[in-house]
Amino acid sequence: MSDTHANTVAYVRETMLPQVAPPASSTGPVGWARENLFSGWFNTVVTVISLAIIAWILIGIVPWILSPTWGATSLSECREILTAAGSVGEHGTSGACWGVIRERWVQLLFGFYPSDLYWRPILSFVLMGVALAPVLFADRVPSQLIWFSAAFPFIFPWLLWGGTIWGPLAVAAGFVIGYYVFRILGAATSNLIGLVVGVLAAVIWWLFLSGYVVDALASVLPLGIEEVPSRNFGGFMLSITIGVVAIACSLPLGIVLALGRQSDLMIVKYICIGFIEFIRGVPLITLLFVASTLLNIFMPPGTNFDIILRVLIMVTLFAAAYMAEVVRGGLAALPKGQYEGADSLGLDYWQAQRLVIMPQALKISIPGIVSTFIGVFKDTTLVSIIGLLDPLGLSNAIRADSNWNGIVWELYGFIAVVFFIFCFSMSRYSMYLERKLRTGHK
Amino acid sequence: MSELATDREIDRSKMQVSDEVAIEISNMNKWYGTFHVLRDIDLTVYRGERIVIAGPSGSGKSTLIRCINRLEEHQKGRIVVDGTELSSDLKNIDKIRSEVGMCFQHFNLFPHLTILENCTLAPIWVRKVPRKEAEATAMHFLEKVKIPDQAHKYPGMLSGGQQQRVAIARSLCMKPRIMLFDEPTSALDPEMIKEVLDTMIELAEEGMTMLCVTHEMGFARQVANRVIFMDQGQIVEQNEPEEFFNNPKSPRTQLFLSQILGH
């Protein structure tokens, strides 16, 4: 058959066609709209209905948001302003009462923190940004900044709670003591013995010795700033403190738990499984009640164990259990060949984990990790139930004020917007990180 | 008859087998659960030998070479590599692994690191070589496998053949005395098989002790000094390549060769 067509099939091109712009109807806004919004009768109908619904919602909400009540000092004044402006609906005045936000936004940020000391939380959160920079944007800031990040966990609580400077230094000294015990014993005997004794030495220092040393040093050299008790903490300052500490501590703890769960060491494995399953099986609110009430029963009488510290520990443990499972998912997604590749080159267990396995497992789990982070941050609002004045707790307190009795949407709306800004930033950061770490085909 | 691995004449001047023992496996047994994968393996590898291990799938050939660097644990018998016996002592295992290079069917490069970082990772962390020196060594071996210009790309951007050559270079950067190849060409397209085999032949010409699990009978014929045939977890036959291919003794070997070379 091919023989008979040979003459007509033969073809040689003599001039090459120049590149031509695509037809106007397929590019630009018109082309975009045609392709995405009106690509068929069904899509056109859906588009029109959607636009109508959006318009209807905006018509309802925008005038409410734009109500001119920023100057009001009480709910009744708001109503007067709105009546004067003529925005009266069938259920009374309609319009937001923004005066409450203008009057109380500082309180929503700082709780009952002494107002002459506001510079301390502000400074500590600015420094937090500096400390986070080398962690979040390692390729864009000088790497020496990481030393500041290492020091920040000691500066941060000192700035917020105040007190003698020897306190945070003593806590830091515990890490140094533990590290040197580990180094010296680890070299002399085995790493495991060094690790166990090092941790023990640090714990003994923190629990039994550091108190006396701090007292002694403070009486000799009373360097410090004014103390602020935990009951004065509140607002977004409290939420962010709990959220950031829980996030920062739960990731490493979660990694250790995930590795422990996959360990060949029977006891380690079952301790990790037991911990993870127990914590995941219990609601966070239960753990918070344990932190606020039960924990004191188990403590020796007279010990004063700060309520925020107790909450921090509980939220961290809670987040760590979830984190462990997210990281385990990442570990499970790695092909066995990666372990074998690392093993065959002679890397030991920790080197293989740190250099080969974890960078990939964590990269795979970024969406899950960030989801957990966002969940933890939002869960910090639960502390209002045990009496801590986070933004939600404060909103109840504000409503108890006779001036603002009856205000609901404005406060919750404001709190929601601030939470949204934080959570959305985290979500955008995770997408940025995923793009940055993509190394496959380009 | 099987295709040849290379058309050129192989330089045999450095392919010397000494009487120094590199690997000694005696009476080694391994089970997966209750399944007896390797049965009474006895094998002595001398320095400079190029051994090809052939056999049907499931015959235990991969498991055998994976036991040599303890990716699989044997339950009975002895394996001595370079004078160090494989036991549960982790220090011994890491020492042997850093002396024995290995290439895998699926390359097992680290996708989050560049080619150069793949090659310098183990020298820097295991051998404690300074970074500059490790990079120089890595570039040397990347030139040897003919892909120095890809050094700053990621493995995902390379073809399969290039990835396998990087994997070989990565192993060589540890200056191993023994190289294990676990079906290095089985996942590759025909034209890429040749470039990987070329690299392996060059390695053999330099006198490297090699154990290859492969179905490339041309490579076995041209490069190996010994071919081992395994079936059902046992060494069924071993011989010099000429004898092995032209005059197989065991009926199982004859059947295998007729199937693999018949078409």
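See the structure above.
Residues numbered from 1 in each chain as written. Chains lettered and ligands numbered in written order. Predicted model: local features only at pLDDT ≥ 70, side-chain atom pairs only at ≥ 80, totals over all residues. Heavy atoms only, no water.

A. The interface of chain B and chain A, seen in detail. In this assembly, 24 residues from chain B lie in contact with 22 residues from chain A. Both faces combined, the contact of chain B with chain A buries some 2000 Å², and carbon together with sulfur accounts for 60% of it. For chain B, the biggest contributors to the area lost against chain A are Phe-110, His-112 and Trp-125 of chain B; these three give 26% of the whole. Our count for the contact surface shared by chain B and chain A stands at two salt bridges. In this structure, Arg-97 of chain B and Asp-343 of chain A form a salt bridge, with 4.0 Å as the shortest nitrogen-oxygen distance. (Contact = heavy atoms within 4.5 Å. Buried area = accessible area lost by both parts, 1.4 Å probe. Salt bridge = Lys/Arg side-chain N within 4 Å of Asp/Glu carboxyl O.)

B. Layout of the sheet that holds strand E8 (residues 209-213) of chain B. Residue and element names in this part refer to chain B. Taken in spatial order, the six strands of this open sheet run E6-E7-E8-E3-E9-E10, and their pairing is mixed. Two strands in the sheet have a free side with no partner beyond their single neighbour: strand E6 (100-103) and strand E10 (234-239). Geometrically, the sheet is characterised by an average inter-axis angle of 20° between neighbouring strands, direction not taken into account. Relative to strand E9 (residues 226-231), strand E3 (residues 50-54) is paired through four bridges, and the arrangement is parallel. Within E9, the position partnered with Val-52 by the bridge is Val-227. The sheet strands contacting helix H1 (residues 61-68) are E3, E6, strand E7 (178-182), E8 and E9, and the helix crosses E7 at an angle near 150°. Its contacts with the sheet place helix H5 (residues 160-172) against E6 and E7, and it is angled at close to 170° to E6. (Pairing = 2+ DSSP bridges. Helix = DSSP H or I, 4+ residues; strand = E, 2+ residues; numbered from the N terminus. Axes fitted to C-alpha atoms, helices over the stretch in contact; angles between N-to-C directions.)

C. Fine view of the nonpolar core. Counting residues in hydrophobic clusters, the biggest one holds 49 residues, and the most contacted among them are Leu-142, Ile-168, Met-179, Phe-181, Met-200, Met-210 and Phe-219 of chain B. Among the elements that line this core, the one with the most residues is helix H6 (residues 190-205) of chain B, at seven residues. Leave out the neighbours within four places in its chain, and Ile-168 of chain B touches Cys-103, Met-179, Phe-181, Val-196, Thr-199, Met-200 and Leu-203 of chain B. With 38 residues, the next largest nonpolar core counts Ile-240, Ile-247, Leu-355 and Tyr-429 of chain A among its residues. (Core = buried A, V, L, I, M, F, W, Y, C linked by side-chain atoms within 4.5 Å. Buried < 20%, exposed > 50% of the residue type's maximum accessible area, 1.4 Å probe, protein only.)

D. A look at helix H4 (residues 75-85) of chain A. Residue and element names in this part refer to chain A. Where H4 is concerned, the buried positions are Leu-75, Cys-78 and Leu-82. Seen from one end, H4 has its buried residues packed into an arc of 50°, which puts them on one side. Exposed and facing more than 90 degrees away from the buried side of H4 are Glu-80 and Ala-84. Where H4 terminates, the next one or two residues include Gly-86, which has phi positive at roughly 85°. (Arc of directions from axis to C-beta.)

E. How the structure looks around the sheet that holds strand E2 (residues 35-46) of chain B. Residue and element names in this part refer to chain B. Sheet architecture is open: four strands sit in the order E2-E1-E4-E5, paired in antiparallel fashion. Each edge of the open sheet carries a strand with a single partner, namely E2 and strand E5 (84-85). Pairing geometry for strand E1 (residues 21-32) and strand E4 (residues 76-81), over five bridges, is antiparallel. Along E4, the bridge assignment pairs Asn-29 with Lys-76.

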